[in-house]
Amino acid sequence: MDKFAELFAVLILVSAVLNAGSPFIEFGIKLYAFQSLMLALYTLMVALHSNTPSLYWSFSITILFKVITIPYFLFKTLKKTDIKREMDSVIGIPESVVLAGSLTLLSNIIAEKIITSVIAFGSLIFTISLATFLIGAMLMITRKTLFSQIIGFLTIDNAIFLAGNSFTRGMPLIVEFGVLFDLLAAVLILSLLIINIKKSSINKTMKHN
Amino acid sequence: MNGLLRYTFISLSISAGLFFLIFPLISPYKEFYVYTVPFALTFKIDRLSIFFVILIALVSIFISVFSLKYSEEYKEKPHIFFLGLLFILSMILVVLSYDMVTFLIFWELMSLTSFFLVISDGNSESKKAGRLYFLMTHIGTVFITSAFVLLYLKSSSLSFGNYKDIAGILILLLAVTGFSIKAGLLPFHAWLPHAHPVAPSHISALMSGVMVNVAIYGILRFLFIFGLKGYPYLGILLLILGALTAFFGIMNALVQKDIKKTLAFSTIENIGIIYMGIGLSYWASVEGYKIIAVTALLAAILHVLNHALSKSALFMGSGIILKNAHTKNMEELGGLSKKMSFFSVLFLIAAMSISAVPPLNGFLGEWYLYVSLIGAAQTHNLYIVYFSIISIALLSLTGVIAGAAFAKLYGITFLGKHRSDKAKNAAKTGLIENISLSFPVLLCIVIGIYPYPLISVLGGLISYLFRGLVSGGGILRAFGSNPFSALSPVQTYKNYSYSMYSPMLFITGILIFLGLAAMFFKIASNGKTRKYKTWDCGLEEDNKAAQFSGSGFSYGIMRVFSTFYSTASEIKFDTDVKKYFRKDTVYSEEISDIFEMKVYEPLKKYILKASNYLSSIFETENMNLSLSYVFLSLVLCVIIYLFLVG
Amino acid sequence: MAEIGLGLFQFFLILGLAPFFAGIIHKLKQNFRGQKGIKITQFYTNFFKLLKKEAVISSESSYISKIAPYIILSVNLLVLGILPAFYRYPLFAPLSDIIVIVYALSAATFFITLYSLDQGSPFGGLGGEREWFLTMLSEPSLIFIFVALAIYSKKGMITEIFYYIQKNAAVAVSNGFHGHFSIAIPFMLLISLFILGLSENARIPIDNPETHLELTMIHEANILEASGKYLGMLEYSAYIKLSIFLTFMSLILFPYMAGNAAELPFAVLLYLFKMLMLCFIIAIFEVLNPKMRLFRAPNMLSVAFIISLIAMILSVRGV
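All figures in this text were calculated on a predicted structure; none of them were measured in a lab.

Each value, and the rule that gives it
- Residues numbered from 1 in each chain as written.
- Chains lettered and ligands numbered in written order.
- Predicted model: local features only at pLDDT ≥ 70, side-chain atom pairs only at ≥ 80, totals over all residues.
- Heavy atoms only, no water.
- Helix = DSSP H or I, 4+ residues; strand = E, 2+ residues; numbered from the N terminus.
- Buried < 20%, exposed > 50% of the residue type's maximum accessible area, 1.4 Å probe, protein only.
- Areas by Shrake-Rupley, 256 points an atom, 1.4 Å probe, with all protein chains shown as cover.
- Lys, Arg positive; Asp, Glu negative; His and termini not counted.
- Charge placed at Lys NZ, Arg CZ, Asp CG, Glu CD.
- Contact = heavy atoms within 4.5 Å.
- Buried area = accessible area lost by both parts, 1.4 Å probe.
- Salt bridge = Lys/Arg side-chain N within 4 Å of Asp/Glu carboxyl O.
- Polar contact = N/O pair within 3.5 Å; in protein donor to acceptor, adjacent residues only side chain to side chain.
- Nonpolar A, V, L, I, M, F, W, Y, C, P; charged D, E, K, R; others polar.
- Phe/Tyr/Trp six-rings, centres within 6.5 Å; stacked < 30°, edge-to-face > 60°.
- Lys NZ or Arg CZ within 6 Å of the ring centre and 35° of its normal.
- Expected span 1.5 Å × (residues − 1).
- Patch = residues over 30% accessible without salt bridge, like charges linked within 9 Å, V, L, I, M, F, W, Y side chains within 5 Å.
- Domains from an automatic or database assignment.
- Core = buried A, V, L, I, M, F, W, Y, C linked by side-chain atoms within 4.5 Å.

1. Here we look at the overall build of chain B
Then, in step 1: Tallying secondary structure elements over chain B gives 24 helices and five strands in all.
Then, in step 2: Structurally, chain B occupies a C-alpha span of about 85 × 70 × 55 Å along its principal axes.
Then, in step 3: For chain B, with 646 residues in total, the buried portion stands at 59%.
Then, in step 4: Working note: accessible area of chain B is about 25300 Å², and carbon and sulfur atoms make up 67% of it.
Then, in step 5: Charged side chains in chain B number 49 positive and 33 negative. The centres of these two groups are separated by 7 Å.

This is the structure:
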């Protein structure tokens, strides 16, 4: 079980790196869905490993919200606006991918320094969630389109969920629900924002001052 | 008269080289003194200096033999060869000297003679390079001198014999900085690509192939003999600086159009690789990973040797090109291999060796470095693991780009059509030049294919440097006596199995397959061949410029790594577009060293500003005041001395 | 003696099948696109036809044009002789050090770019430049893949690395996926190696092996001036290189190497099955993707590099 859990966790990180390596918005949303699926499967593995029934719930609501609902809204928004298919970014793609790699190295050093015995499957998960967190933040900083900021934000959220679910008991279900609804609300609001920005024909890319 | 002088000096250099090649072999490990008026000069041949003396003497002999014929270029200037003789002697004596005064005297002599050789062409470019070189090398000497002074204060002795294991971190840092300026490590490299190419080619070969090794000698002596073992971070610093230097050097070598400048930047790259080995080895010897220490040091020393051989051959080759075609700009050359076929083969082998194509010797050094880096990545020591991963990445990038740079150098210079009349009218090479070039090339091949005796000899040197803590020869012993099964087995880490590489088997395999392929295609194929012109898209124009250019060859890599270059390019063409090849298209491109632009130029400005400011304060016409400044600085020096003696 | 015999069998089997693997990818691609397609044996026909033709050598060329094809072919043959595709003791087993393999492949690149510059053709250099451009991006990842494997298995030689993985996989299956092995590391290395395989072997989306449009091709531009037996050699080297990369993928995917003659038939069958599967995947991938702009290749290859870096981090941490 733990080997598969490791695989799924690593794939979360890989999809974040892939996100840094592709300028396409649609692909980014698909990757987010894939990442959430991996997160859900990882949660399932933790549930099987630690025999925590509440994590099965967590698994199903992750599938419901993150794999289906949020990507659906994002695609819908994408269709309503005719944003460029590619995102502009402050630094080049290879640079941002290499930066993602260095962030991974950095978070591995941090994770090895901090002893995290409370996390299921060891400090590796901490490395991965920290690296995914940092890559998500990097996506938000370096990309110029509002959409990619959403994707970065969602990546960060996945990273936090990964860390949260790895603590042997998981988060209380009610907290998880609350966070997920917040997330949904955030995505809806941001989608509305994107549509409205488009309607009022302000510049589609955010100005960084 | 001039000719006689020239040949006298050259034959003197050859005989000096021969003397110092044979002398250490017949009387090894002896101390001897030369009494001069103020003090005695002390020399000693120990295991470290014997290696460097033989290396310097050997390469100097090749280069001196080469300059027998090459000296025709400098008929009017026999003093160049006198300076060359002094240069060679001073390098050898630096390595032999066994007390700090002797060392510094010959070090300074080496710097001065090489400075005069750099400016010997007399044009503005060489003067500018000479100024920069003079400045940098003396800053380096200041660092080295202060390291020695601190050593003297600690041991109150001038002799190297009393310096063992006393140098603390301050002394090591000072010495390493000083020697790194001479070697051309990353922040201090700016003088090297200016100074090495403008000197006469045989002197470039000496500077690039030999003089940097003297700096490496100094570092080895300080780190492993004088140094206290206890600063692992110094090793990591050298490793990562070396990796960055290697990467930076080869990135710049790739984009140069000047053959000698490419070679000078490639020297920086190789210095970086040597530093990686030294740094990793120092770290590992401090932390107690004996086998990694031995392997990494073996890699560094092998690379010193390989670089000296192949780089001197390449610089001699560039001298031949410069002499016969009167240009060192590769965009004006091309097609030289038809004129000088034997020479072009020698040049190709040297280029392959330096770009680490197996089974030549360049690969052997890099292989040992990879093996030790892989070993270091498994040590579970938190920092070295990541730094060695980064180093592996940078080293592999360096390896590929070195291949690209030398494929470009060879391909653009020797292959294709002649790009200009200079290349078309190039003279043929002489016999002496070919012979002198073939010695180092032959050594490259021999060391690459059959390195076992050399490695066991170097094992002795390594165990000397580690004071017998590890026996270099024992770990690197060859399996069995049969050269085909005699691999170079290294087990870098305790659970790790052996890494092996058998150069003999590699070359045998290649030769077998070459033979089989030749036989197969001889029998199976239609043997007919026909000569016809290269396909030119059916156009009638015969345009030499229509073939690929050197700057085009490096464009892709340059574009990906655009952050590492500071470029300014401009394209001009007429708007008449009826033809495929526009008549007047001028593309100009200026690539400058990014460090020079971003660090050195601002630094120069600040220093000038600061010194202007200081001189405006202290400049005075009052005699008493200026005397008081002198007095005060004297007092200050005394205070500093007291502080240091503590 | 039996070892050498089986090693020779392995060597010549892959050597003989190399054009077949290239052909089957081509055929599958054409079938997916609804074309009738070539015969699977088309590349053999091409090769023997090339042998019968006379070789046209450019009048501008030097000795490089005559020796480079031989050297490229023999380097590729040597690497083929190192591979433990389905038998544990390949011909040149003592040479199977990871670094040696990568550098041998890059030696072939060195000579193919010299070849491309030799005739003074405007397109040859273009191919050479792009070849180095892609090699520069892919070789560090290749070294990372091998080093990650070496650190994961604590072995320095290809033969031992894959035998270790094979042994561990067998142990893991028998005791319910516990113990000293990892799924994530080989999986990620496989992804990375797949991307590298596409780029090193001039396949879509980096390069299209089917077109001969001078301005976009990479591999074909290098050998544009080659003809007759020289073209045959270079083409065959390309098939061998493709087989080498496919074999590496098949070994990471599921290593099974026979230790003796009795296990051999099953090993060969499994090897062929894996290779055909990989051919199928590559064909699908090539059909579904358009060719990229050249300067977009760094995006893809840098992802491959970082994936192998993550695998390296995992293997350094220990499993």
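The structure having been displayed, the exposition proceeds.
2. Brief notes about the interface of chain A and chain C
Then, in step 1: Residue-level contacts link 27 residues of chain A with 22 residues of chain C.
Then, in step 2: Summed over both partners, the interface of chain A with chain C buries about 2200 Å², with 74% contributed by carbon and sulfur atoms.
Then, in step 3: Summed over the three residues of chain A that lose the most area to chain C, namely Lys3, Leu7 and Val14 of chain A, the buried surface amounts to 24% of that side.
Then, in step 4: Linking chain A with chain C are zero salt bridges.

3. What about the interface of chain B and chain C?
Then, in step 1: Each partner contributes to the interface: chain B provides 81 residues, whereas chain C provides 77 residues.
Then, in step 2: In this structure, the connection of chain B to chain C is made through two salt bridges.
Then, in step 3: A salt bridge links Arg530 of chain B to Glu54 of chain C; its shortest N-O distance comes to 2.7 Å.
Then, in step 4: Summed over the shared surface of chain B and chain C, the result is 17 residue pairs in polar contact (both at pLDDT 80 or more).
Then, in step 5: Listing elements by their share of the side of chain B that touches chain C, those giving two or more residues are α12 (336-339), α13 (341-354), α14 (361-376), α15 (382-414), α20 (503-524), β3 (529-532), α21 (550-553) and α22 (555-560) of chain B.
Then, in step 6: Examining the composition of the side of chain B that touches chain C, we find that 17 residues originate from one element, α15 of chain B, more than from any other.
Then, in step 7: Here the residues of the side of chain B that touches chain C sort into 50 nonpolar, 23 polar and eight charged.

4. Thoughts on the environment of Phe161 of chain A
All names here are of chain A.
Then, in step 1: The residue Phe161 is located in helix α6 (residues 146-166) in this model.
Then, in step 2: Each C-alpha atom of the pair Phe161 and Thr62 lies 9.7 Å from the other, and the pair is 99 residues apart in sequence.
Then, in step 3: If sequence neighbours within four positions are ignored, Phe161 has contacts with Leu39, Lys66, Glu176, Val179 and Leu180.

5. Re the packing of aromatic side chains
Residues and elements named next belong to chain B.
Then, in step 1: Scanning all chains against the criterion turns up 66 aromatic pairs over all chains.
Then, in step 2: For the ring pair Phe19 and Phe20, a centre distance of 5.0 Å and an interplane angle of 80° mean the geometry is edge-to-face.
Then, in step 3: Take Phe20: its relative accessible area is 10%, and that puts it in the buried class.
Then, in step 4: Consider the rings of Trp107 and Phe179, whose centres lie 5.3 Å apart with planes at 90°: the pair is edge-to-face. Here Trp107, found in helix α4 (residues 100-118), pairs with Phe179, found in helix α6 (residues 169-183); they are 72 residues apart in sequence, far enough to count as distant.
Then, in step 5: Grouped by ring-pair contacts, the aromatic residues Tyr98, Phe103, Trp107, Phe148, Phe160, Tyr163, Phe179, Phe222 and Phe226 constitute a single cluster.
Then, in step 6: The side chain of Lys182 reaches across the aromatic face of Trp107, ending 5.6 Å from its centre.
Then, in step 7: Above the plane of the ring of Tyr532 lies Arg530, whose end atom (NZ or CZ) is 6.0 Å from the centre.

6. Quick notes on helix α3 (residues 79-96) of chain B
Then, in step 1: When the terminal C-alpha atoms of α3 of chain B are compared, their 26 Å separation across 18 residues agrees well with the 26 Å that a helix rising 1.5 Å per residue should span.
Then, in step 2: Counting buried residues along α3 of chain B, 14 of its 18 residues qualify, which places the element largely inside the surrounding structure.

7. So, the pattern of salt bridges
Then, in step 1: Tallied over the full model, the rule gives twelve salt bridges over all chains.
Then, in step 2: Note that Glu601 of chain B and Lys604 of chain B form a salt bridge whose closest N and O atoms lie 3.8 Å from each other. Separated by three residues within a single helix, Glu601 of chain B and Lys604 of chain B lie in helix α23 (residues 594-618), roughly one turn from each other.
Then, in step 3: The class of Glu601 of chain B is partly exposed, set by a relative accessible area of 36%.
Then, in step 4: Between Glu200 of chain C and Lys241 of chain C there is a salt bridge, with the nearest N and O atoms lying 3.2 Å from each other. You can see Glu200 of chain C sitting in helix α7 (residues 184-200) and its partner Lys241 of chain C sitting in helix α9 (residues 228-253), a full 41 residues away along the chain.
Then, in step 5: The class for Glu200 of chain C is buried, based on a relative accessible area of 14%.
Then, in step 6: Salt bridges linked by common partners bring Lys29, Arg203 and Glu286 of chain C together as one network.

8. Here we look at α20 of chain B
Then, in step 1: End to end, α20 of chain B covers 31 Å across 22 residues, agreeing with the expected 32 Å (1.5 Å per residue, within 8%).
Then, in step 2: Among all positions in α20 of chain B, only Pro503, Met504, Leu505, Phe506, Ile507, Gly509, Ile510, Phe513, Ala517 and Phe521 of chain B are buried.

9. Topic: the side chain of Thr159 of chain C
Then, in step 1: Mapped onto the secondary structure, Thr159 of chain C falls in helix α6 (residues 158-174).
Then, in step 2: Excluding residues that lie within four positions of it along the chain, Thr159 of chain C makes contacts with Ile82, Pro84, Arg88, Pro90, Ser96 and Met257 of chain C.

10. Considerations on the environment of Ala185 of chain A
Residues and elements named next belong to chain A.
Then, in step 1: By the element assignment, Ala185 lies in helix α7 (residues 173-199).
Then, in step 2: Take Ala185: its relative accessible area is 34%, and that puts it in the partly exposed class.
Then, in step 3: Spatially, the C-alpha atom of Ala185 lies 35 Å from that of Lys3, the residues being 182 residues apart in sequence.

11. Examining the environment of Phe103 of chain B
Residues and elements named next belong to chain B.
Then, in step 1: Along the polypeptide, Phe103 turns up in helix α4.
Then, in step 2: Between the C-alpha atom of Phe103 and that of Gly218, which follows or precedes it by 115 residues, the distance is 9.9 Å.
Then, in step 3: Discounting residues that sit within four places of it in the chain, Phe103 has contacts with Val94, Ser97, Ile144, Phe148, Phe160, Phe179 and Tyr217.

12. Regarding a nonpolar patch on the surface
Then, in step 1: Taken together, the side chains of Phe631, Leu632, Val635, Leu636, Ile639, Ile640, Phe643 and Leu644 of chain B define a hydrophobic patch exposed on the protein surface, amounting to about 810 Å² of accessible area.
Then, in step 2: Mapping Ile639 of chain B onto the fold places it in helix α24 (residues 623-645).

13. Some thoughts on the domain arrangement of chain B
All names here are of chain B.
Then, in step 1: By domain assignment, chain B separates into domain 1 (1-228), domain 2 (555-592) and domain 3 (600-645).
Then, in step 2: Relative to domain 3, the C-alpha centre of domain 1 lies at a distance of 32 Å.
Then, in step 3: Each partner contributes residues to the interface: domain 1 has seven residues there, and domain 3 has four residues.
Then, in step 4: In total, about 380 Å² of surface goes out of reach between domain 1 and domain 3, with carbon and sulfur atoms giving 79% of it.
Then, in step 5: The three residues of domain 1 that bury the most area against domain 3 are Leu150, Leu153 and Ala190, which together make up 69% of that side's buried surface.
Then, in step 6: If you look at where domain 1 meets domain 3, you find zero salt bridges.
Then, in step 7: Between domain 1 and domain 3 we count one residue pair in polar contact (both at pLDDT 80 or more) in total.
Then, in step 8: When the residues that make up the side of domain 1 that touches domain 3 are grouped by side-chain class, the tally is six nonpolar, one polar and no charged.

14. A word on the nonpolar core
Then, in step 1: The biggest cluster of nonpolar side chains holds 400 residues, and the ones touching the most others in it are Phe103, Phe148, Phe222 and Leu223 of chain B together with Phe110 of chain C.
Then, in step 2: Here this core spans two domains, and each of domain 1 (1-228) and domain 2 (555-592) of chain B adds at least three residues to it.

15. Here we look at unusual backbone geometry
Trans is the common state for peptide bonds, and a negative phi is the common state for residues other than glycine.
Then, in step 1: With an omega of 5°, the peptide bond running from Pro358 of chain B to Pro359 of chain B counts as cis.
Then, in step 2: Structurally, Pro359 of chain B is set in the loop between α13 and α14.
Then, in step 3: A cis geometry characterises the amide bond from Ile204 of chain C onward to Pro205 of chain C, with omega recorded as 10°.
Then, in step 4: Among the structural elements, Pro205 of chain C can be located in the loop between α7 and α8 (219-222).
Then, in step 5: You will see that Ala356 of chain B, though not glycine, has its phi angle at about 60°, which is positive.
Then, in step 6: Along the polypeptide, Ala356 of chain B turns up in the loop between α13 and α14.
Then, in step 7: Relative accessible area serves as the criterion here: at 2%, Ala356 of chain B is assigned to the buried category.
Then, in step 8: In this structure, Lys154 of chain C takes a positive phi of about 55° despite not being glycine.
Then, in step 9: Within the element layout of this structure, Lys154 of chain C appears in the loop between α5 (122-153) and α6.
Then, in step 10: Residue Lys154 of chain C is classed as partly exposed on the basis of its relative accessible area of 25%.

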